[in-house]
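Observations on chain architecture
Given next are the chains, with one letter for each unit.
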Amino acid sequence: MGSSLAIAAFLVGSWFPIAGGTWTPDQGAVAQLRAALQPYVVAQARDQRRELKPWSSYSFQFQGRGNRDGKFIFINAFCSAPDAYAAKRFLQVLDGGTCYFELKYNPKTKTFYDLGFNGVA
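I will try to describe carefully the structure that is included in this document. What you see is a predicted model; the values in this text were computed from it and never measured.

What follows concerns the state of the cysteines. If you walk through the whole model with that rule in mind, you get one disulfide. Across the disulfide, Cys 79 is cross-linked to Cys 99 (sulfur-sulfur distance 1.6 Å). Taking the sign of the S-S torsion, about -110° here, the bridge from Cys 79 to Cys 99 comes out left-handed. With Cys 79 in the loop between β3 (70-78) and β4 (100-106) and Cys 99 in the loop between β3 and β4, the pair connects residues that are 20 residues apart, well separated along the chain. Judged by relative accessible area, which is 18%, Cys 79 ranks as buried. By relative accessible area, which is 9% here, Cys 99 ends up buried.

With that settled, consider helix α2 (residues 27-47). The end-to-end C-alpha separation of α2 is 30 Å, in line with the 30 Å expected for 21 residues at 1.5 Å each. Three or more residues of α2 are buried, namely Ala 29, Val 30, Leu 33, Leu 37, Val 41 and Ala 45. Tucked into the core, α2 has its buried residues touching β1 (15-17), β2 (59-67), β3, β4 and β5 (111-117). If you check the start of α2, you find a side-chain oxygen 3.0 Å away from the backbone N of Gly 28, and it comes from Asp 26.

A word on the pattern of salt bridges. Tallied over the full model, the rule gives two salt bridges. Of the charged contacts in the structure, one is a salt bridge between Arg 89 and Asp 83, with a shortest N-O distance of 3.4 Å. Its relative accessible area of 37% is what places Asp 83 among the partly exposed residues. Here Lys 104 makes a salt bridge to Asp 114, at a shortest N to O gap of 3.2 Å. Of this pair, Lys 104 sits in strand β4 while Asp 114 sits in strand β5; the two residues are ten residues apart in sequence, bridging distant segments of the chain.

Take unusual backbone geometry next. Even without glycine at this site, Lys 110 takes up a positive phi of about 60°. Along the chain, Lys 110 turns up in the loop between β4 and β5. Phi angles above zero are rare outside glycine, and Asp 114 is one such case at about 55°.

The rules behind these values
- The residue numbers shown here count from 1 along each chain, following its written sequence.
- Local features in this predicted model are restricted to residues of pLDDT 70 or higher, and side-chain atom pairs are both shown and tallied only at a pLDDT of 80 or more, whereas totals for entire chains, interfaces and linings draw on every residue.
- Excluding hydrogens and water, the side-chain values take into account all heavy atoms of the structure.
- Disulfides are defined in this document as cysteine sulfur pairs within 2.5 Å.
- To qualify as a helix, a DSSP run of H or I must reach at least 4 residues; to qualify as a strand, a run of E must reach at least 2; elements of each kind are numbered from the N terminus.
- Classification of residues uses two cut-offs on accessible area relative to the type maximum, computed with a 1.4 Å probe and protein chains only: under 20% is buried, over 50% is exposed, and between them is partly exposed.
- Under the convention used throughout, the expected extent of a helix is 1.5 Å for every residue step, that is, one less than its residue count.
- Should any heavy atoms of two residues lie within 4.5 Å, those residues are counted as being in contact.
- Side-chain atoms alone can form a polar contact between residues adjacent in sequence; in general such a contact is a pair of N or O atoms within 3.5 Å, and within protein one must be able to donate a hydrogen while the other accepts it.
- Between Lys or Arg on one side and Asp or Glu on the other, a salt bridge is scored when a side-chain nitrogen of the former is within 4 Å of a carboxyl oxygen of the latter.

Below, the structure written as structure tokens:
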């Protein structure tokens, strides 16, 4: 029983690259977004009068994508323990409030945009 708790604790807070995007973000871009993510999300939640879960409870999935405006990194965050498929497919939840959010990061301009927190049913 203790070993399964240790595995779950190890997985919470993890970053999972999801295959299938249009490009693969390099380690430098991912490191930059990771360093800037928490301050950005905390400030946005405060501005929206939303309360986040403890930051250490979040895990993150990411994928390099592109559109007519250029490359971006899509980030999906969730505060539930990741399941076995978290490294292979995006977790999608329709409710759950600030336990779930997604946003985009432009590695060229080093800016976040399109942050969306889930609603609450």
